Structures are given as structure tokens and as C-alpha cells.
Amino acid sequence: MKFAYRFSNLLGTVYRCGNLNFTRDGNSVISPVGNRVTVFDLKNNKSDTLPLATRYNVKCVGLSPDGRLAIIIDEGGDALLVSLVCRSVLHHFHFKGAVHSVSFSPDGRKFVVTKGNIAQMYHAPGRKREFNAFILDKTYFGPYDETTCIDWTDDSRCFAVGSKDMSTWVFGAERWDNLIYYALGGHKDAIVACFFESSSLDLYTLSQDGALCVWQCDTPPKGLRLKAPTGWKADLLQREEEDAEGEEETTIRGKAAPAPEEQRGKVKYSRLAKYFFNKEGDFNHLTAAAYHKKVHLLVTGFASGIFHLHELPEFSLIHSLSVSDQRVASIAINSSGDWIAFGCSGLGQLLVWEWQSESYVLKQQGHFNSMVSLAYSPDGQRIATGGDDGKVKVWNTLSGFCFITFTEHSSGVTGVTFTSTGYVIVTSSMDGTVRAFDLHRYRNFRTFTSPRPTQFSCVAVDSSGEIVSAGAQDSFEIFIWSMQTGRLLDVLSGHEGPISGLCFNPMKSILASASWDKTVRLWDMVDSWRTTETLALTSDALAVTFRPDGAELAVATLNSQITFWDPENAVQTGSIEGRHDLKTGRKELDKITAKHSAKGKAFTTLCYSADGQSILAGGMSKFVCIYHVKEQILRKKFEISCNLSLDAMEEFLNRRKMTEFGNLALIDQDAAEEGGIAIPLPGVKKGDMSSRHFKPEIRVTSLRFSPTGRCWAATTTEGLLIYSLDARMLFDPFELDTSVTPGRIRAALRQRDFTRAILMAFRLNERKLLQEALESVPWDEIEVVSSSLPDLYVEKVLEFLASSFEVSRHLEFYLLWTQKLLVAHGQKLKSRAGKLLPAVQFLQKSIQRHWEDISKLCDWNRYNVQYALAVSKQRGVKRPSDPPGSEDEAGPPDDDEDGLHLLRGRPGEVGAGGPLP
């Protein structure tokens, strides 16, 4: 088994906080999700998470005008310069303070960040290599409170900065002689957004109380004059110094109220109008806004979840809608002005709305609370997740999108599993029900209940899909139902503690149940559900799982051990001590150290790999461990998150937060950002008194390996993390010697010695050479070449074919290879079915996806052809009002009129006449 697993995608969470951005072509949305960034491709219906992470949650993202670079800044002020082309980090930078917003100039030469009550302009990194990618150019002072927003003019000559002190400042990127920096007032609340009009210095400012001010400038952008130098010698000397020493930082200070004599002959702003949005209550304040300069479209979002579309400067309302009941945190408009993206941080919602047709382009929402359980479908194409919010979501592993959400549960979901067919999901919940959902009709077709109300903590379905079992948390019983009839078959008693886990043997009708009473019981479903064995443990059992072949049982206990058992003979075969591998962190409010708190932490979820040689383990820690079962050693440890915005991430407390009065973490400082109150003083009525800011604790709640063996998934505090084999970075030669070179492989292909070329290519194991060798074989010689391959290489060819189906366009060619291989080596492969199962399932998953796509296309074409034939027959029927013989004289109907020219073609083509399929 290979262990080059790398983080590949983040599902389950689509938006957390920060600003949304559209790419330059307008087809993709860039959304910050915790300390990662996900790109949602709306045209190809796919999501992809960039392989990078910041130290804290992402606060703001700035895109360069050409769409090649992005600046990602987290809550701590750390910035990453990222290339969106090669998806890698180019530079790290620390702004030494919290940054609220960042924006590139339209020409791409500068970018501005707002930090504290100042704005800083930097030289934007170019395409050439630089020692320091961020060079500070100017620092602008003026606002008295925190700066909140930035907007540039189209010619990159000026930019506007809004502030919480209710003022807006217009600064120049160069030293303009007739532009003085002073405050534009007129608002009674903090500025949320400010926008320049297209090719103008006219300005729109919006404040939090729902007011819009329209400012007119008496000077066009071309009327700005550069400040004249004091003398040509001084200017020449200054330029020589700049060339010798490099550009230095310039500090520019504005005046809130400049003297009248200073304003003579200068750029002057006057307020043309002031508009107010319709408010619904005191808490419905404006939270986000976006403006498209070409179509003059203003989009505003409010704390109640309502958004308005206005046309400026007339301020005419286009329409007003509600996306949710939570505050709209961010709004973005794509380059064409057709699509509008909304982010709601309270619900974790991401919506893309096409305002002209009034339809959703994208509507995604993660679990409101943490995810608790997950399950892979047997073909590996879908993942089902259950959360504390009572929802069951089904995700497509190829696109990364959720395509169905079941909301029938009224309490937290505790267990999720698929049946062997892959089209039925069975879930258990704390509401006292076990439900079965149909993925064909997307409905809840079975609801299993117990005679007395009880809370179910886990669920399992046998390999036939006929028997459903669930463990009770309060009555210590196991309930058995029939999937066909929905009747309760039996209640298994014997445990003396809550049931923590259930698992069926994949090869037999034997159920293993783990409990807090320090036992694991094996129940025979065939022989009257009697207890076959009772395995005594040294501590409370937290998780239980069978190996894929059913010959081994693994149990995780409260003393951080993983014990392995032979279920046939009830003998312990091995154990792993995992306490030191967990490495739990210390929470900010813990009174004891991480070393002592680790005594109460253990693995809470287990999962065997697809080949059964390794086991995944996770729990109350930021690490996921992979152990070798036979050798009982740690193979690899994955750190699932480095996000310090989560609790229990660090082993030691930050001593800067420790004071003589206690820990500063006890002060709820960030509650005001989500509509709460910063300091709850007596008599203060503004804000939500119940708002609390808390740091969720990092933990792994569930782990599952994909049946294809190519990836594994983990439900964590961050979301649903997918780790897959990284084929791009993996060099894994097979029986390599000095005689195997790319030159010799190509020489063998020229000599038409295809078998030898393929064997050498697999020994070198480079994907491009493998593709070249296989695709060089003529289609009529595939059968001969495939039958001459040794058995050892057949499995490797099948794995390569399965991965090639996902990226190659030569569908029929690779299907022919697959067919000839399976026909020639089918009997020998059957004897090694257990070992080859992941490769065959991976192959089945790839072929199934193509089959579904092509079947939809064929159905669409068949219906169109049937419709066209029906129309042609209807047109060809003689009407009663027509004179006799008019049909023969008129001839056939006009092809261009009916559109039937699309059906005619050369012999052998679709629509060329003859029977239709």
C-alpha cells in the first residue's frame, strides 16, 4: 500500500467568513473556508480546494486583475502570495496587525490594505523574481477609527477608503497637486462600502444604518495634475537617490477639515443626493454591498438575510429578495454582471444568483453544527454525512457538491451507512428513530422505532441489506429490524453500558457490538440472534470495526489502545498503544497541562484500509494516525489542521494572554463582529445580548476509507477532508534496473515490440510513458498484447486504466483494453479477488461515471429524435380542408421549416434513415 496521501479537497463546508471573489472570466467563485480557500467552478460544476492553509481563519482575499495572483490574509495579519496558475505559495508576509480588506489596482501595479486606522499601498509583485514581493510604497493617515473598505478608480489614479468613524477618504496613488485629502461625511454610522463611478471620480458611500450618499466631483480623472518639482536639479538628484537606494516608504496625512484657503483650486466633492433603504426593525442593518460599474448595478445585503438590487444613480429598485434568515456577510458580482454571489457566515451558505432570470446557479450549504459521521457508497462516488443539526447530506466526490439534503431527523444524527446496493442510506439519530432514505426518489421510505423512546448512538446494516441494527444509548439494548417489512425483529440485551459502536462482518451474518461496559459481544444473526462470544476488554470500548475480509476485529478503548481480535476463536492477536501518537493540545481554559489532559483522550473512530493491511485511527486530536496492523507500528501521522482559530491546537498556552487576573481568552472580545455587543455595559440596548464568540475544539469524529483504496475521508471540526493518492508527485518504480530508460521504451515501440515496451514502462512507472506505450498499441492487437502480459502486471494495468478513464478522451480504446484484459485473465484474477477488490472497484467507479453521462446524452438525443419524428408525422397528415391530391402535389414538407435537416445525414450516421435504437 502506498502512503503518498495528500490533502485533495474540502467538502461539507462551502463558506465560513471573509470576502467572496469571482475569477476574471466570471465562471468561478473563490470562497474562503476556515483557513483554506475553495474554488467553485460554476461552468464545469466542480469544486477544488487549494493545497494551502493559513495559520488563522482567512479574513480577506485579493485577486490581481489578470487572475494569476491572489493575496490571502488571515485574522492574525499573516499573508500568503498565491499563484492560482500553479496553485502554490510564492511568498509569506506579515502585516503586523489585523487587516480588514485588500484590493489590487485595476492596472495591477499596486495594491492597498486597510489596517487599523491607516491604509498602506504596496508595489504589487510582478512576473519577475524578487527578493521581497511586498514593497511598501505609501502609508495614508486620516481616519480616526478602523478602516473597513477600499475601491479604486478605473485608471488606478485614486482610491477611496471607508472607516468606522463614518467618514470616507479619497487618496491619490500619486502626488496630485490639486487633490487634497479630507473626509467626506454625511453618514450616521460606520461605512460598509464605497464605490467609484466608471471613468469618474464620482463616489457612492454606504453606511451600516442603510444610507447611500451620492458624491459628485467637479474634476474629471484626467484633470488631476502631478505635483511640480521644486527644481530640475533637485528632481534629478531625487531620481538618482531613488535609483541608488530603491523606493522608500512615504507617509501621507490627511485633514478632516482643511482650511478654506487650502481648498481653492482643488478637487471638490459635493453631495448630490442621499437615499435610505427600507429598514425592518432596528437590527436590520446593512452588512455587505457590491457594485458593478459597467451595468450600474448596486447589490446590498442586510442582517436579516434580505438583499436589494438597485440601478444607480437613479436608485431605482430592480427587485428585493431574501436568501436566508441570517446576515449576508459578503457579496460579489462577476465580470459580466449576470451572476451575484452571496455568503452567509451564520449558516455557512454560498449562493450564486442570476438576477435577470431570477434563478440559482449555485446553492450550497454545509452542516450548521459539526459533522459526526460519514459513509462511502460502495462505488466510491458518493459520501453521506450526518451532523448535529439533524441533517443528512449526500456529496458527489467528483464534483465536490452536495446534491441532496434530508431533514427528516429532529435531533442530531449519530450514524450513517450505505447498503450494499449503494442507493439506500440508513441513519440513526438521538430523536429515537432510524431512517432509510432512497437515492432514486430522494425520499424517506422507512422509519424504524423502538417500543419505548430511546436515543440511538450507532447504526449498522448487514451485507445483504436486509437487517438493520441500532444501539441504544440509554437502555443499553440493540434493536434489530427488517428492511423489507420495517418490523422490529428482536431486541438484544446483555450489555451493561451504552452501546458505542456496531459493525457487521462483511462475510458472515455476525454482528459485533461495543459498549462502555468493557466488552465487545458477537451476535449470530442466523442462529436466533444468540451471543456467540463475549470479548473482555481492559477499558471502555469506543469503536469497533471488521477487516474487509471479516477475519479480524479492531476495537478502540478509552485507555488509548487499539486491540485486534480473531472473531472466530475470540483470541486477541495484538494491540497498539496510541496515547503518545494522539498528541492532544491544551485548551485555552484548561487548568491542567496537555500532558495530563491526554490521559482522558482516546481514539474514537477506526477504519481499515481497503486492502486490510493498515488501520486509520482518529479522535480528540488534530492528528490522524495510520498503523500497520501486522507490524503494529505507526506508518504515518497526518495533521488535519494548523488553524489556530480552533481550540486545543497548541500544546502550551500563549503566555502573552496570561495576566494576573486570569486568561484573556475569558473575555468575549469578538462578539461584536457578529452583531453582538463588544462590552456589555449597563443600559446598552444595541446588539444581540445572547451573542457569544467561542472557539470550537479540533477533533476527528469519523474516518472512512474509499472502497477504491485511492482516498480516505475524515469528518472534522474544519469540515469533510478528503486525502487522496497524489499521482503527480509520486515516483514509485517497480523492479527498476539500469536497462530501463525512456529511450529504450520508445525504441521498443518503434520496433513494434509492444509487450516489452509496456513492461518496461510499468517498471519505470512514469504516467506519460505508460500512456504513450498503451496508446501506441493498434486496436486490433490489443487482445494479443493483453493476453501476453504477466499476471503481476495485470493489476497495475487495470489501476492505470481506471485512473485514465477520469482524464482521457479515448473512451472506446480504454474500454477495449479493459475488456480484453478481464477476458484473458479473469479466472486468475478471481483467485486473488480480495487483494484486487480496490482496483476493480476503482475501475467500476470510473466506467460507471462515463456510463451515466453517456446514457443521459443518449436519452436526450432519443427524445429529440422522437419529438422531431412526431412533429413531421403531424405535419404530414392531410387536413380535411385540403383539396384531394394536394399532399402529393406539394411534396414533402420543407426541411428548413421543420428543422428535419438535422436528422438527415450520410448512410451509417444517426438520422440517416432506417430503424432507430
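Below you will find a few notes about this structure. (Residues numbered from 1 in each chain as written. Predicted model: local features only at pLDDT ≥ 70, side-chain atom pairs only at ≥ 80, totals over all residues. Heavy atoms only, no water.)

1. A short note on the overall build of the chain
Then, in step 1: Regarding its fold elements, the chain presents 12 helices and 59 strands.
Then, in step 2: Each of the 917 residues in the chain was classed as buried or not, and the buried ones make up 50%.
Then, in step 3: Considering only residue pairs separated by 6 or more positions, the chain has 49% of its internal contacts joining residues 24 or more positions apart.
Then, in step 4: Carbon and sulfur atoms provide 51% of the accessible area of the chain, an area that totals close to 44,700 Å². (Helix = DSSP H or I, 4+ residues; strand = E, 2+ residues; numbered from the N terminus. Buried < 20%, exposed > 50% of the residue type's maximum accessible area, 1.4 Å probe, protein only. Contact = heavy atoms within 4.5 Å. Areas by Shrake-Rupley, 256 points an atom, 1.4 Å probe, with all protein chains shown as cover.)

2. Overview of the nonpolar core
Then, in step 1: Counting 36 residues, the largest nonpolar core has Ile-745, Ile-758, Phe-762, Val-777, Leu-801, Trp-817 and Leu-821 as its most contacted members.
Then, in step 2: The set of elements that each furnish at least two residues to this core consists of helix H4 (742-750), helix H5 (754-764), helix H6 (767-775), helix H7 (782-787), helix H8 (791-804), helix H9 (811-831) and helix H10 (833-876).
Then, in step 3: Residue contacts for Leu-801: discarding those within four places in its chain leaves Tyr-814, Trp-817, Thr-818, Leu-821 and Leu-843.
Then, in step 4: Counting residues in each nonpolar core, the second largest holds 33 residues, with Met-121, Ala-160, Ile-180 and Phe-196 among its members. (Core = buried A, V, L, I, M, F, W, Y, C linked by side-chain atoms within 4.5 Å.)

3. Observations concerning the pairing of strand S58 (residues 711-716)
Side-chain positions along a regular strand alternate between the two faces of the sheet.
Then, in step 1: The buried fraction of S58 is high, at 6 of 6 residues.
Then, in step 2: Residue alternation in S58 divides its side chains into two sets, Cys-711, Ala-713 and Thr-715 and Trp-712, Ala-714 and Thr-716, and both sets are buried.
Then, in step 3: As defined by bridge partners, strand S57 (residues 700-705) adjoins S58 across 5 bridges and the pair is classed as antiparallel. Residue pairing in the sheet places Val-700 in a bridge with Thr-716 of S58.
Then, in step 4: From the end of S57 to the start of S58, which pair antiparallel, there are 5 residues, and Gly-709 there has a positive phi angle of about 75 degrees. (Pairing = 2+ DSSP bridges.)

4. Points about the sheet that holds strand S3 (residues 28-33)
Then, in step 1: A sheet is described by the order of its strands in space; here 4 strands give the open sequence S2-S3-S4-S5, paired in antiparallel fashion. The outermost strands of the open sheet, each flanked by one partner alone, are strand S2 (21-22) and strand S5 (46-49).
Then, in step 2: Of the strand pairs in this sheet, S2 and S3 are connected by 2 bridges, and their pairing is antiparallel. Bridge pairing in S3 places Phe-22 opposite Val-29.

5. Regarding H5
Then, in step 1: By the criterion of burial, H5 is predominantly enclosed, with 9 of the 11 residues buried.
Then, in step 2: Restricting attention to buried positions, one finds in H5 the residues Phe-754, Thr-755, Ala-757, Ile-758, Met-760, Ala-761, Phe-762, Arg-763 and Leu-764.
Then, in step 3: The positive-phi residue at the C-terminal boundary of H5 is Asn-765, with phi of around 60 degrees.

6. Some words on the pattern of salt bridges
Pairing of side chains with opposite charge becomes possible as their charged atoms draw close.
Then, in step 1: One pass over the full model with this rule turns up 21 salt bridges.
Then, in step 2: One salt bridge in this structure joins Glu-781 and Arg-752, with 2.9 Å as the shortest N-O distance. Of the two residues, Glu-781 sits in the loop between H6 and H7 while Arg-752 sits in the loop between H4 and H5, which places them 29 residues apart along the sequence.
Then, in step 3: Each of Lys-110, Asp-137 and Lys-138 takes part in salt bridges that share partners, so that together they form one network. (Salt bridge = Lys/Arg side-chain N within 4 Å of Asp/Glu carboxyl O.)

7. Examining the sheet that holds strand S59 (residues 720-725)
Then, in step 1: Here we have 4 strands laid out as an open sheet, ordered S1-S59-S58-S57, and antiparallel in their pairing. Edge positions in the open sheet fall to strand S1 (5-11) and S57, since each of these has one partner strand only. The sheet shows a mean angle of 20 degrees between the axes of neighbouring strands, direction not considered.
Then, in step 2: In the sheet, S58 pairs with S59 via 5 bridges, with the strands oriented antiparallel. In the sheet register, Thr-715 faces S59, and the bridge partner there is Leu-720. (Axes fitted to C-alpha atoms, helices over the stretch in contact; angles between N-to-C directions.)

8. Let's talk about the pairing of strand S14 (residues 147-152)
Then, in step 1: The element S14 is extensively covered by neighbouring structure, given that 6 of its 6 residues are classed as buried.
Then, in step 2: Where S14 lies against strand S15 (residues 158-163), 5 bridges are found, and the strand directions are antiparallel. Bridge pairing links Asp-151 to Ala-160 in S15.
Then, in step 3: Here S14 hands over to S15 after 5 residues, with Ser-156 in that stretch at a positive phi of 65 degrees.

9. Details of the packing of H4 against H5
Then, in step 1: Axis separation between H4 and H5 bottoms out at 8 Å; the angle between their running directions is 160 degrees. In terms of their interaxial angle, H4 and H5 are classed as roughly antiparallel. Every pair of crossing elements has a handedness; the one defined by H4 and H5 is left-handed. Across the interface between the two elements, Pro-742, Arg-744, Ile-745, Ala-748 and Leu-749 from H4 touch Phe-754, Arg-756, Ala-757, Met-760, Ala-761 and Leu-764 from H5. (Parallel < 35°, antiparallel > 145°, perpendicular 65-115°, else oblique. Left-handed = near helix turned anticlockwise from the far one by under 90°.)

10. Comments concerning the side chain of Asn-643
Then, in step 1: Within the secondary structure, Asn-643 is located in the loop between strand S54 (633-639) and strand S55 (658-659).
Then, in step 2: A polar side-chain atom of Asn-643 sits 2.7 Å from a polar atom in the side chain of Asn-57.
Then, in step 3: When neighbours within four sequence positions are excluded, Asn-643 is seen to be in contact with Asn-35, Arg-55, Tyr-56, Asn-57, Met-649 and Glu-718. (Polar contact = N/O pair within 3.5 Å; in protein donor to acceptor, adjacent residues only side chain to side chain.)

11. Structural notes on unusual backbone geometry
Then, in step 1: With an omega of 5 degrees, the peptide bond between Leu-312 and Pro-313 qualifies as cis.
Then, in step 2: The phi angle at Asn-45 is positive, at roughly 55 degrees, despite the residue not being glycine.
Then, in step 3: On the secondary structure map, Asn-45 appears in the loop between strand S4 (36-41) and S5.
Then, in step 4: Of note in this structure, Ser-199 is not a glycine but carries a positive phi near 55 degrees.
Then, in step 5: With respect to the secondary-structure elements, Ser-199 resides in the loop between strand S18 (191-196) and strand S19 (203-207).

12. Thoughts on H8
Then, in step 1: If you check H8, its first and last C-alpha atoms are 20 Å apart, about what 14 residues at 1.5 Å a residue would give, namely 20 Å.
Then, in step 2: The element H8 is extensively covered by neighbouring structure, given that 10 of its 14 residues are classed as buried.
Then, in step 3: Every buried residue of H8 is listed here: Tyr-793, Val-794, Glu-795, Val-797, Leu-798, Phe-800, Leu-801, Ala-802, Ser-803 and Ser-804. (Expected span 1.5 Å × (residues − 1).)

13. Description of the packing of aromatic side chains
Then, in step 1: Under the defined criterion, the tally for this structure stands at 39 aromatic pairs.
Then, in step 2: Their ring planes at 70 degrees and their centres at 5.2 Å tell us that Phe-171 and Tyr-181 sit as a pair that is edge-to-face. A residue pair is termed long-range when its members are at least 10 positions apart, and Phe-171 in strand S16 (residues 168-172) and Tyr-181 in the loop between S16 and strand S17 (183-184) qualify at 10 residues.
Then, in step 3: We classify Phe-171 as buried; its relative accessible area is 1%.
Then, in step 4: Plain terms: the ring middles of Tyr-275 and Phe-315 are 4.6 Å apart, the flat faces sit at 10 degrees to each other, and that makes the pair stacked. Of this pair, Tyr-275 sits in strand S22 (residues 269-276) while Phe-315 sits in the loop between strand S25 (306-311) and strand S26 (316-322), placing them 40 residues apart in sequence.
Then, in step 5: On the basis of relative accessible area, Tyr-275 is assigned to the partly exposed category, the value being 24%.
Then, in step 6: Here the aromatic cluster, defined as three or more aromatic residues joined through ring pairs, consists of Phe-93, Phe-95, Phe-104, Phe-111, Tyr-122 and Phe-134. (Phe/Tyr/Trp six-rings, centres within 6.5 Å; stacked < 30°, edge-to-face > 60°.)

14. A look at empty space enclosed by the protein
Then, in step 1: Summed over all chains, the structure comprises 1 cavity of 30 Å³ or more.
Then, in step 2: Approximately 30 Å³ is the volume found for the largest cavity.
Then, in step 3: Its residues assigned to classes, the lining of the largest cavity shows 6 nonpolar, no polar and no charged. (1 Å grid on protein atoms, 1.4 Å probe; cavity = no way out; pocket = protein on both sides within 12 Å on 5 of 7 lines; lining within 4 Å. Points joined across faces, edges and corners; volume = space filled by probe spheres on them. Nonpolar A, V, L, I, M, F, W, Y, C, P; charged D, E, K, R; others polar.)

15. Remarks on the environment of Val-807
Then, in step 1: Inspection of the secondary structure assignment puts Val-807 in the loop between H8 and H9.
Then, in step 2: With 39 residues separating them along the chain, Val-807 and Ser-846 place their C-alpha atoms 10.0 Å apart.

16. Things to note about the environment of Gln-484
Then, in step 1: Tracing the backbone shows Gln-484 in the loop between strand S41 (478-482) and strand S42 (488-492).
Then, in step 2: What Gln-484 contacts, discounting residues up to four positions off in sequence, is Arg-446 and Glu-466.

17. Things to note about the side chain of Asn-505
Then, in step 1: Along the chain, the position of Asn-505 falls in the loop between strand S43 (499-504) and strand S44 (510-515).
Then, in step 2: Other than its neighbours up to four places away in sequence, Asn-505 contacts Ile-510, Phe-546 and Gly-550.

18. Here we look at the packing of H5 against H8
Then, in step 1: Orientation of H5 relative to H8, taken along the N-to-C sense of each, is 75 degrees, at an axis distance of 11 Å. For the element pair H5 / H8, the angle class is roughly perpendicular. Taken together, the residues of H8 that come into contact with H5 (itself represented by Leu-759, Phe-762 and Arg-763) are Tyr-793, Lys-796, Val-797 and Phe-800.
Then, in step 2: When grouped by side-chain class, the residues that make up the contact of H5 with H8 number 5 nonpolar, no polar and 2 charged.

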